[in-house]
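# Structural overview
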Amino acid sequence: MSPKSILPFFVLILSAFVSQAQYTEKINSNRPGTSQGAFSVGTNVLQAEGGFGFGKEKHNLLNTKTNFFNFDYSARYGLLIEQLEIRLDGRLRSDGVRQTIGSSEEKTTRTNFEYNTLGAKYLIFDPYKNPKKDSVNLNSWKAQHRFKWKTLIPAVSAYIGVNYVTKDNPFTFPEDEAISPKVVIMTQNNWTTSRIGNWVLVTNFIIDKVTTEMPLYGWIITSTHTINDKWAVFGEYQGQKSDFYSDDILRVGGAYLWDKNLQLDAHIATNFKDTPSIFNFSFGGSYRFDWHTKDEIIEQPGLEGGVKEKEEEEILDEEKKDIDSYEYEEDETDSLKQGKIPMINDFEDEDFRQALEQDLDERRTAERLERERIESEKQAKKDEKKSRKEERKRAKREAKEAKEAEKALIKAEKERQKMIEDIDSELNKMEAPQDVDQELEQIEKELEDLEKELESERPSKPIETEAKPIPEEDIDIDKAYEEMKKQEEKRRKKEEKARKEEEKRREKEEKMRLKEEQKKQKEKEKEEKKKDQKKDDNGN
């Protein structure tokens, strides 16, 4: 057989076993546990599942403490037929390991994929393939509450996949092969009664890496209970045996159905040994991209929406057949057309036909009015949602404008304050070196000292002595007078300079004051314009 003919042949064989659709109205996720359910997501449905995990491990023999982070991911797609699903699973992990050796501590980090598996799942046996036949009799209390032994028969699926690990992977044994097989047998029981509510029991039997030197054999048992339409809780026990790693892990958690295509979940996990001991917290979600076109839906046995619709259609078809069988036939022997007195049977047949037609018309009218009511409610909700959205946009826009106006006022106030500070600093610089009175006093003091010095050098009486007289050049009055005139001229120039600088300072201060007044006037005009604009907007 050629490779090209294998796939059609395989599809033909699977099509022979097709019994019922696996598509459900709400998302069907394997999270938050690690087991796989027996049912697929349905044809043309792509489902993404993933979550983040944080935890600690402590190994007493190796004296190691590990903080780890991992990301689990899964992509599921319903291919060709309802019972077939292909999926990709994997986990990326990053560890920080601290190992105590004597009095020293070594720290190492490692990051890699723990596993990547690509495989296919197929539903072998489905006990819920005839939901109409197995539906609950709503007219019998005993039928609703008695235990049905048939519910112990689970749905069975098989999964075949291929593992891929990278070379020198720190999370597997050194002799591990890059490619190895994985086989899983899955069973699932769905129980729904008025006493115990909705329960699902899933079991997985796993045979992994059988072609390697250290094969793994494992099992997972998961029990899920639906509290209401939104919340569900679960408990799970996982065991695995291998020469590389064996463990028993317990998980508990819950899930929240956000809408029919989105589920959020969280759980915690721990084990029962110390080589290593594990504690893990994980949260994540599942989202469904629904391109399913057929209206084949499986729900809870006896409560299927699709089955009820089919039953109503069958009832309407039967009533239509009854109406057609009693339809009045016009012929030449019609007693009413011939003006004869009709027989009693004729009247009875006509009344029965009219009653059936009237009943059918009333039911159709009630259905039409119900559809119109539902459509009007949907339209009212859409209009209300649209008006709320527009109101939020308007409030957001007004808040933004008010915030911008407030920022502009704050900025203008800061600029004005800065301008005032600049003016004050300029005035201080101009006034600091111009202490005119002090300078004049200094000049007068210097002149007085000069006069005193001259007076002290000038003798009051001639001294008669035999000593040689002092020549006139030693006391030069003209020179002293010239010096005094120079000092006076210098003082006068300083006073003139101080007067001019004072005038300049006053002129500059006056210009600054005029500028400040003009700026205040402009700001006032801008504020008035903004107020007028805001009044116009409110008026519109």
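Computed from a predicted model, the values in this text were never measured in an experiment.

Attention now moves to the pattern of salt bridges. In the structure shown here, the tally under the stated rule is 32 salt bridges. Residues Arg76 and Glu49 are paired through a salt bridge, measuring 2.9 Å at the closest nitrogen-oxygen approach. Separated by 27 residues along the polypeptide, Arg76 in strand β2 (residues 64-78) and Glu49 in strand β1 (residues 45-59) bring together distant segments of the chain. In this structure, Arg76 and Glu49 share a single accessibility class: buried. Ionic pairing is found between Asp176 and Lys209, a salt bridge with its closest N-O pair at 2.9 Å. Here Asp176 is found in the loop between β5 (155-164) and β6 (179-193), whereas its partner Lys209 is found in the loop between β7 (197-208) and β8 (216-226), with 33 residues between them in sequence. Each of the salt bridges in this network shares a partner with another, and the network as a whole consists of Glu57, Asp72, Arg91, Arg93, Asp95, Arg110 and Glu114.

Let's shift gears to the environment of Arg288. With respect to the helices and strands, the residue Arg288 is situated in strand β12 (residues 277-290). Beyond its immediate sequence surroundings of up to four residues, Arg288 is in contact with Tyr23, Thr24, Glu25, Lys26, Ile27, Val45, Leu46, Gln47, Lys260 and Asn261. At 3.0 Å, the side chain of Arg288 and the backbone oxygen of Thr24 are in polar contact.

Considering all chains together, one arrives at 12 aromatic pairs under this definition. Ring geometry for Phe52 against Phe69: centres 6.0 Å apart, planes inclined by 20 degrees, an arrangement best described as stacked. Of the two residues, Phe52 is situated in strand β1 and Phe69 in strand β2; the sequence distance between them amounts to 17 residues. A residue is classified by how much of its surface remains accessible, and Phe52, at 37% relative accessible area, is partly exposed. Pairing Phe281 with Phe283 gives two aromatic rings, centres 6.1 Å apart and planes at 35 degrees, and the pair type is tilted. Given the relative accessible area of 35%, Phe281 is considered partly exposed. With a relative accessible area of 35%, Phe283 lands in the partly exposed category. Within the aromatic cluster, the residues linked to one another by ring pairs are Phe52, Phe54, Phe69, Phe71, Tyr73, Phe281 and Phe283. Cation over ring: Arg93 sits above Phe68, and NZ or CZ is 4.5 Å from the ring centre.

To continue, consider the pairing of strand β11 (residues 262-271). Here β11 shows a buried face lined by Gln263, Asp265, His267, Ala269 and Asn271 and an unburied face lined by Leu262, Leu264, Ala266, Ile268 and Thr270. Here strand β10 (residues 247-259) runs beside β11; their pairing, made up of 10 bridges, is antiparallel. In the sheet register, Gly254 faces β11, and the bridge partner there is Ala266. Between β10 and β11, which follow one another and run antiparallel, lie two residues. The pairing of β11 with β12 spans nine bridges and is classified as antiparallel. Within the sheet, the bridge partner assigned to His267 lies in β12 and is Ser282. Here β11 hands over to β12 after five residues, the two strands then running antiparallel side by side.

Calculation criteria
- Residues numbered from 1 in each chain as written.
- Predicted model: local features only at pLDDT ≥ 70, side-chain atom pairs only at ≥ 80, totals over all residues.
- Heavy atoms only, no water.
- Salt bridge = Lys/Arg side-chain N within 4 Å of Asp/Glu carboxyl O.
- Helix = DSSP H or I, 4+ residues; strand = E, 2+ residues; numbered from the N terminus.
- Buried < 20%, exposed > 50% of the residue type's maximum accessible area, 1.4 Å probe, protein only.
- Contact = heavy atoms within 4.5 Å.
- Polar contact = N/O pair within 3.5 Å; in protein donor to acceptor, adjacent residues only side chain to side chain.
- Phe/Tyr/Trp six-rings, centres within 6.5 Å; stacked < 30°, edge-to-face > 60°.
- Lys NZ or Arg CZ within 6 Å of the ring centre and 35° of its normal.
- Pairing = 2+ DSSP bridges.

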